[in-house]
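Chain residues, written in single-letter form:
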Amino acid sequence: MRRPEAPSYACGPAPGPGAGRPVGGPAPDGPPGPWAGTRVTTSLAGRVASPVLPPGESRIGGFGGVTGLAAWTVAHDVTHVVDATHPFAERMSFNASEAHALTGVPLLALRRPGWTPEPGDAWTFSDSLAGAAALLPELGGGRVFLTTGRMGLHAFAHLADPWFLVRSVDPPAGPVPPRLEVLLDRGPFTLDGERELLARRRIDVLVTKDSGGSATAPKLTAAREAGLPVLVVRRPPTPWGVPEAGSVRAALDWLTHTP
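Student: Any chance you could explain the environment of aspartate 127 here in plain terms?
Tutor: Following the sequence through the fold, aspartate 127 ends up in the loop between strand E6 (123-126) and helix H3 (129-135). Exposure remark for aspartate 127: the relative accessible area of 62% places this residue in the exposed category. Residues aspartate 127 and lysine 209, 82 residues apart in the sequence, show an inter-C-alpha distance of 9.8 Å. For aspartate 127, the contacting residues outside a window of four places in its chain are Val233 and Arg234. In terms of polar contacts, aspartate 127 uses its side chain to reach the side chain of arginine 234, at 3.0 Å.

What follows is the structure in structure tokens.
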């Protein structure tokens, strides 16, 4: 990011404590202070057909790898980069780290805290979608609420016995489980709505990524109340040595104090 006469850059939607507010938008309770008038460019990968765009400038699509991101950063006189991608957008975070090494432009990773089990939860953890698919038969789930997104359904495509309810913003493509119903919806979701969904669809196991945040967390509370097992896919590794912030306010503080 840079001061009023220069554009700012954030690579992806910010994982803030609310409903995934993009870095390019106003921070919750964030005072304008020294950042009033600062130009912010929010970059989206383009995987959602109709994304919710934040205020300010935005771009959609890839950069062409590490060298492309580094070149774009230099060409647009960017002074600060905030990696605010989804916790499971693994490649982009490493690209941002490697581009930082090439350009020297300060880099911050904005990562919302992951979810933690509470008393009454019955969570099983996996390190990957493929691992979750392998564990699913052990949980005895015949009616599975699969909330891991539309991009990784191929990992479950070989499971012929369970019935899957998949919720995503856009329809899935590629290999999918044979017994599948797709629910097109976009968060944030309410606790009452998640309770009703689990009961009406007679769900007996929930599968989710550890995305964190409050927008999709009500499903975890609803599963706990219903006594359902939850299969949680852990987050992938992150680049070493990149400073992190757990909230938009913390990111703004870093921006204020990082020349």
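Student: Explanation requested: the packing of aromatic side chains in the structure shown.
Tutor: Centre distance and the angle of the planes are the two values used to describe a pair of aromatic rings. Across all of its chains, the model carries three aromatic pairs by this definition. When the centroid spacing of 5.6 Å and the interplanar angle of 70° are considered together, the rings of phenylalanine 63 and tryptophan 72 count as edge-to-face. For tryptophan 72, a relative accessible area of 16% translates into the label buried. Relative to phenylalanine 164, the ring of phenylalanine 156 has its centre 6.0 Å away and its plane inclined at 65°; by these criteria the two rings are edge-to-face. Like phenylalanine 164, phenylalanine 156 is buried. Above the plane of the ring of phenylalanine 63 lies arginine 59, whose end atom (NZ or CZ) is 3.9 Å from the centre. One residue, arginine 143, lies across the ring of tryptophan 163, its end atom 4.0 Å from the ring centre.

Student: What am I meant to see in the side chain of arginine 143 here?
Tutor: Mapped onto the elements, arginine 143 comes out in strand E7 (residues 143-147). Look at arginine 143: it is buried, it has no salt bridge, and the nearest opposite charge is glutamate 181 at 6.0 Å. Excluding its chain neighbours within four sequence positions, the residues that come into contact with arginine 143 are Trp163, Arg201, Arg202, Ile203, Asp204 and Val205.

Student: Please explain the pattern of salt bridges as it appears in this structure.
Tutor: In a structure, side chains of opposite charge can pair up when their charged atoms sit close to one another. Scanning all chains against the criterion turns up eleven salt bridges. Note that arginine 234 and aspartate 127 form a salt bridge whose closest N and O atoms lie 3.0 Å from each other. You can see arginine 234 sitting in the loop between strand E11 (230-233) and strand E12 (244-245) and its partner aspartate 127 sitting in the loop between E6 and H3, a full 107 residues away along the chain. Arginine 234 sits in the partly exposed class, given a relative accessible area of 38%. Where glutamate 181 meets arginine 201, a salt bridge forms, and the shortest distance between an N and an O atom there is 2.6 Å. You can see glutamate 181 sitting in strand E9 (residues 180-184) and its partner arginine 201 sitting in the loop between helix H4 (191-200) and strand E10 (205-209), a full 20 residues away along the chain. For glutamate 181, a relative accessible area of 31% translates into the label partly exposed.

Student: Looking at this model, I keep getting lost on the sheet that holds E9. Mind explaining?
Tutor: Sheets are built from strands paired through backbone hydrogen bonds, the pairs being either parallel or antiparallel. On the basis of which strands lie adjacent, the open sheet formed by six strands has the order E6-E11-E10-E7-E8-E9 and parallel pairing. With partners counted over all chains shown, the strands left at the sheet margins are E6 and E9, one partner each. Sheet twist, expressed as the mean angle between neighbouring strand axes with direction ignored, is 20°. Where E7 and strand E8 (residues 163-168) come together, four bridges link them in parallel fashion. Across the sheet, residue phenylalanine 145 finds its bridge partner in E8, namely leucine 165.

Thresholds, definitions, all that
Residues numbered from 1 in each chain as written. Predicted model: local features only at pLDDT ≥ 70, side-chain atom pairs only at ≥ 80, totals over all residues. Heavy atoms only, no water. Helix = DSSP H or I, 4+ residues; strand = E, 2+ residues; numbered from the N terminus. Buried < 20%, exposed > 50% of the residue type's maximum accessible area, 1.4 Å probe, protein only. Contact = heavy atoms within 4.5 Å. Polar contact = N/O pair within 3.5 Å; in protein donor to acceptor, adjacent residues only side chain to side chain. Phe/Tyr/Trp six-rings, centres within 6.5 Å; stacked < 30°, edge-to-face > 60°. Lys NZ or Arg CZ within 6 Å of the ring centre and 35° of its normal. Lys, Arg positive; Asp, Glu negative; His and termini not counted. Salt bridge = Lys/Arg side-chain N within 4 Å of Asp/Glu carboxyl O. Pairing = 2+ DSSP bridges. Axes fitted to C-alpha atoms, helices over the stretch in contact; angles between N-to-C directions.

What is shown is where atoms sit, not what they do.
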